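# Topology and contacts: notes
Here's the letter readout for the chains.
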Amino acid sequence: DTEVTQTPKHLVMGMTNKKSLKCEQHMGHRAMYWYKQKAKKPPELMFVYSYEKLSINESVPSRFSPECPNSSLLNLHLHALQPEDSALYLCASSRAGVGGTGELFFGEGSRLTVL
Amino acid sequence: EDKVVQSPLSLVVHEGDTVTLNCSYEVTNFRSLLWYKQEKKAPTFLFMLTSSGIEKKSGRLSSILDKKELSSILNITATQTGDSAIYLCAATNFGNEKLTFGTGTRLTIIP
């Protein structure tokens, strides 16, 4: 099993809604990531968890709240989003933890539309 | 601030042509350079390069890193329509888990 699984694949939400994106990997990877990708742009790093601890927060607004319940799961809680937050949200994992990255394995992404 | 720049931004060639995509980086405590192919959704891994001058090859794709020039190239020979995608280059450094992406090269192969 070499997959990173993200759910849902598509999500439409209003600005007052609360929703969550989920990510799961069973490769024993110890680092997990959230990236945001707008159309025709490269992925932008949002958060990194290393050994289930938040190690990088790229100054992401508090309306995005990450959570890592265990080493296989990563959630992104969404609340009071803005239309400009509409994007593809990519989860990724890698073998390495603190000290450096190896190859990242990406999920297929959750396409978020905020109305 | 770490920076990765790719060129060209887009490229249109005919099937069967050979293409070379470029990536340059300015990264503190550079560790590795990675190439990804992104079609509709998730980027898929192509190569990771850590040593200068050693070519990595996978079928019609090959890549090499030049640490002196702080750059890498990705070559695709005998291109096929299935090679149409965005090719992303990314750099990592020692000490953290960040992957800094370039803007990508959009490659279109015309039959």
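As a reminder, the structure under discussion sits directly above these lines.
Just so it is clear, the structure is predicted and the values come from calculations on it, not from any experiment.

The next subject is the pattern of salt bridges. A complete count under the given rule lists four salt bridges over all chains for this structure. With its nearest N and O atoms 2.8 Å apart, the salt bridge here joins Asp 85 of chain A to Arg 63 of chain A. Of the two residues, Asp 85 of chain A is situated in the loop between strand E8 (73-79) and strand E9 (87-94) and Arg 63 of chain A in the loop between strand E6 (53-57) and strand E7 (64-70); the sequence distance between them amounts to 22 residues. Take Asp 85 of chain A: its relative accessible area is 2%, and that puts it in the buried class. Salt-bridge contacts for Arg 60 of chain B lead to Asp 83 of chain B; the nearest nitrogen and oxygen are separated by 2.8 Å. Pair noted here: Arg 60 of chain B is in the loop between strand E6 (56-58) and strand E7 (61-66) and Asp 83 of chain B is in the loop between strand E8 (71-76) and strand E9 (85-93), with a separation of 23 residues, a long-range link.

A few words now on the interface of chain B and chain A. A common way to state how big an interface is: give the accessible area lost once the parts meet. Residue-level contacts link 22 residues of chain B with 26 residues of chain A. With both chains or domains summed, chain B and chain A bury close to 1,900 Å², and 58% of this area falls on carbon and sulfur atoms. Across the contact surface, chain B and chain A share zero salt bridges. One can count three residue pairs in polar contact (both at pLDDT 80 or more) joining chain B with chain A. Elements that contribute at least two residues to the side of chain B that touches chain A include exactly strand E4 (30-38), strand E5 (43-49), E9 and strand E10 (99-101) of chain B. Looking at the side of chain B that touches chain A, its residues break down into ten nonpolar, seven polar and five charged.

Next up on the list: the side chain of Gln 25 of chain A. All names here are of chain A. Secondary-structure assignment places Gln 25 in strand E3 (residues 18-25). One polar contact links the side chain of Gln 25 to the main-chain carbonyl oxygen of His 29, over a distance of 2.9 Å. Setting aside residues up to four positions removed in sequence, Gln 25 forms contacts with Glu 3, Val 4, Met 32, Ser 71, Ser 72 and Ser 93.

Residue and element names in this part refer to chain B. The strand order across the open sheet formed by five strands is E1-E3-E8-E7-E6, and the pairing between neighbours is antiparallel. Each edge of the open sheet is held by one strand with a lone partner, namely strand E1 (3-7) and E6. In this sheet, adjacent strand axes meet at a mean angle of 15 degrees when their direction is disregarded. Pairing between E7 and E8: six bridges, direction antiparallel. Opposite Leu 61, over in E8, you have Ile 76 as the bridge partner.

Each value, and the rule that gives it
- Numbering of residues starts from 1 in every chain and runs along the sequence as written.
- By the order in which they are written, chains take letters starting at A while ligands take numbers starting at 1.
- A pLDDT threshold of at least 70 governs which residues receive local features in this predicted model, and a stricter bar of 80 or more applies before side-chain atom pairs are shown or counted, although totals over entire chains, interfaces and linings include all residues.
- Values reported for side chains reflect all heavy atoms of the structure, with hydrogen atoms and water molecules removed beforehand.
- Salt bridge, as used here: a side-chain nitrogen of Lys or Arg that lies within 4 Å of a carboxyl oxygen of Asp or Glu.
- Only DSSP runs of H or I reaching four residues or more are called helices, and only runs of E reaching two or more are called strands; each is numbered from the N terminus.
- Categorising residues by exposure relies on relative accessible area from a 1.4 Å probe, with only protein chains included: less than 20% of the type maximum marks a residue as buried, more than 50% marks it as exposed, and the intermediate range marks it as partly exposed.
- Pairs of residues are marked as contacts when any of their non-hydrogen atoms sit within 4.5 Å.
- Here the buried area means the combined drop in accessible surface, using a 1.4 Å probe, for two parts upon being joined, counting both sides.
- Counting of polar contacts relies on pairs of N or O atoms within 3.5 Å, with two restrictions inside protein: one atom must be capable of donating a hydrogen and the other of accepting it, and residues adjacent in sequence are counted only when both atoms are side-chain atoms.
- For this scheme, ten residues count as nonpolar: Ala, Val, Leu, Ile, Met, Phe, Trp, Tyr, Cys and Pro. Four count as charged, namely Asp, Glu, Lys and Arg, and the remainder, Gly too, count as polar.
- Here the rule is simple: two strands pair whenever DSSP picks up at least two bridges between them.
- Fitted lines through C-alpha atoms give the axes, limited to the stretch in contact for helices. The angle between two N-to-C directions lies from 0 to 180 degrees.

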